[in-house]
Amino acid sequence: MYVILLGLPGAGKGTQAANLAETTGLSHITTGELFRDHIYRRGTELGRKAKPYYEAGKLVPDELTIGMLRERIAGPDCALGCLFDGFPRTLEQAEALDEALAERGAAVDRVVYIKVAEEELVRRLAGRWNCRQCGAVYHEASSPPQRPGVCDRCGGELYQREDDKPEVVRQRLEVNLRELGKLLDYYEGRVVEVDGQQDIDGVGREILAVISPS
Ligand code: ADP
Ligand code: AMP
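Now for a look at the structure at hand.

Calculation notes
Residues numbered from 1 in each chain as written. Chains lettered and ligands numbered in written order. Predicted model: local features only at pLDDT ≥ 70, side-chain atom pairs only at ≥ 80, totals over all residues. Heavy atoms only, no water. Helix = DSSP H or I, 4+ residues; strand = E, 2+ residues; numbered from the N terminus. Rg over C-alpha atoms; globule rule 2.2 N^0.38 Å. Buried < 20%, exposed > 50% of the residue type's maximum accessible area, 1.4 Å probe, protein only. Contact = heavy atoms within 4.5 Å. Areas by Shrake-Rupley, 256 points an atom, 1.4 Å probe, with all protein chains shown as cover. Lys, Arg positive; Asp, Glu negative; His and termini not counted. Charge placed at Lys NZ, Arg CZ, Asp CG, Glu CD. Pairing = 2+ DSSP bridges. Phe/Tyr/Trp six-rings, centres within 6.5 Å; stacked < 30°, edge-to-face > 60°. Near = heavy atom within 4 Å. Polar contact = N/O pair within 3.5 Å; in protein donor to acceptor, adjacent residues only side chain to side chain.

This part covers the overall build of the chain. Counting its regular elements, the chain contains eight helices and eight strands. Over its C-alpha trace the chain gives a radius of gyration of 16 Å, about what one expects of a compact globule, namely 17 Å for 214 residues. Relative to its 214 residues, the chain shows a buried fraction of 48%. Contacts in the chain between residues far apart in sequence, at least 24 positions, make up 70% of those at least 6 positions apart. Of the accessible surface of the chain, which amounts to about 10,700 Å², a share of 50% is contributed by carbon and sulfur atoms. Separation between the mean location of the 28 positive side-chain charges and that of the 35 negative ones in the chain comes to 4 Å.

Given below as structure tokens:
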């Protein structure tokens, strides 16, 4: 099963995808985390090219993003399906995903739009902490780690993302808002909207109900 989680930055895509990956066994594919790996952990050529866009809160060009995604979903852990978090973000990416899945005799099975009001997104991004090592996501108020600054999952160091600074957040919301409208049109008739302003478990239950085979 191939599931897309749509939503603006801070909507809870990463949080939900990580939890759902555990309950469903589907692989969690996050292009944001793949870029952080290329830029900050591995320092690859792709990371060097993506960095200026990433740090300015702009979308990384489609050709780089689509190439990286294609390579990732060719992995054996994606053979039975995956949860896409942060991809697609443009029409071109949506078309490329359809094409890449069709080559494998597969298709997008579910599209879930996690809807959250903008002022709540800003609040969430300002209090978000990520694990430098495994990428796990926390919030200082709504889902704090057991020990401040330390990841519950792997013991790694928690940090606040550079692109979660208020001036970059504004740019990210603007860019993503524009593209989100086009994606909702592209998937019209196939998108199920979920109220992302419930607590984390409540949102998770709603998504699970949507993606569970009927
Ligand atoms: P996205 O991947 O869509 O950018 P994240 O999953 O990283 O969003 O969540 C953004 C921030 O909001 C994180 O700090 C996370 O802990 C917090 N968060 C996620 N879901 C909820 C929720 N339902 N209620 C309150 N805070 C949430
Ligand atoms: P995220 O972790 O999903 O908030 O993504 C962080 C940043 O990575 C974005 O602001 C973009 O610079 C880049 N990025 C992640 N996914 C994509 C994508 N699908 N297309 C283009 N850029 C992306």
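On we go.
Attention now goes to the environment of Glu95. Mapped onto the elements of the fold, Glu95 is located in helix H5 (residues 91-103). Between the C-alpha atoms of Glu95 and Tyr186, which are 91 residues apart in sequence, the distance is 9.2 Å.

Once that is clear, we can look at the sheet that holds strand E7 (residues 158-159). Sheet architecture is open: three strands sit in the order E6-E5-E7, paired in antiparallel fashion. Where the open sheet ends on each side, the last strands, each with one partner, are strand E6 (137-139) and E7. Two elements, strand E5 (residues 128-131) and E6, share three bridges in a ladder whose sense is antiparallel. Bridging across to E6, Trp129 finds its partner in Tyr138.

A word on the environment of Tyr54. With respect to the secondary-structure elements, Tyr54 resides in helix H3 (residues 45-56). For the pair formed by Tyr54 and Gly32, sequence separation is 22 residues and the distance between their alpha carbons is 8.8 Å. Not counting residues within four places of it along the chain, the set of residues in contact with Tyr54 comprises Gly32, Phe35, Arg36, Ile39, Tyr40, Val60, Arg161 and Asp163.

This part takes up the side chain of Glu179. Locating Glu179 in the fold gives a position in helix H7 (residues 166-186). Dropping the residues within four chain positions of it, Glu179 is found in contact with Leu59, Arg89, Thr90 and Leu91.

Further remarks concern the packing of aromatic side chains. Summed over all chains, the structure comprises three aromatic pairs. Residues Tyr2 and Phe84 carry aromatic rings whose centres are separated by 6.5 Å and whose planes lie at 20 degrees to one another, so their mutual orientation is stacked. Highlighted residues: Tyr2 in strand E1 (residues 2-6) and Phe84 in strand E3 (residues 82-85), separated in sequence by 82 residues. Measuring from centroid to centroid gives 6.0 Å for Tyr40 and Tyr54, while their planes differ by 75 degrees, and the two rings are edge-to-face. Residue Tyr40 is found in helix H2 (residues 31-41), and its partner Tyr54 is found in helix H3; the two are separated by 14 residues along the sequence.

Of all residues adjacent to ligand 2, which total 16 residues, the nearest are Thr31, Lys58, Gly86, Arg89 and Gln93. Within the backbone of Gly86, an N or O atom sits 2.9 Å from a nitrogen atom of ligand 2. Taking Gln93, its side chain carries an N or O atom lying 2.9 Å from a nitrogen atom of ligand 2. Considering every element that reaches the shell around ligand 2, the biggest residue donor is H2, with four residues.

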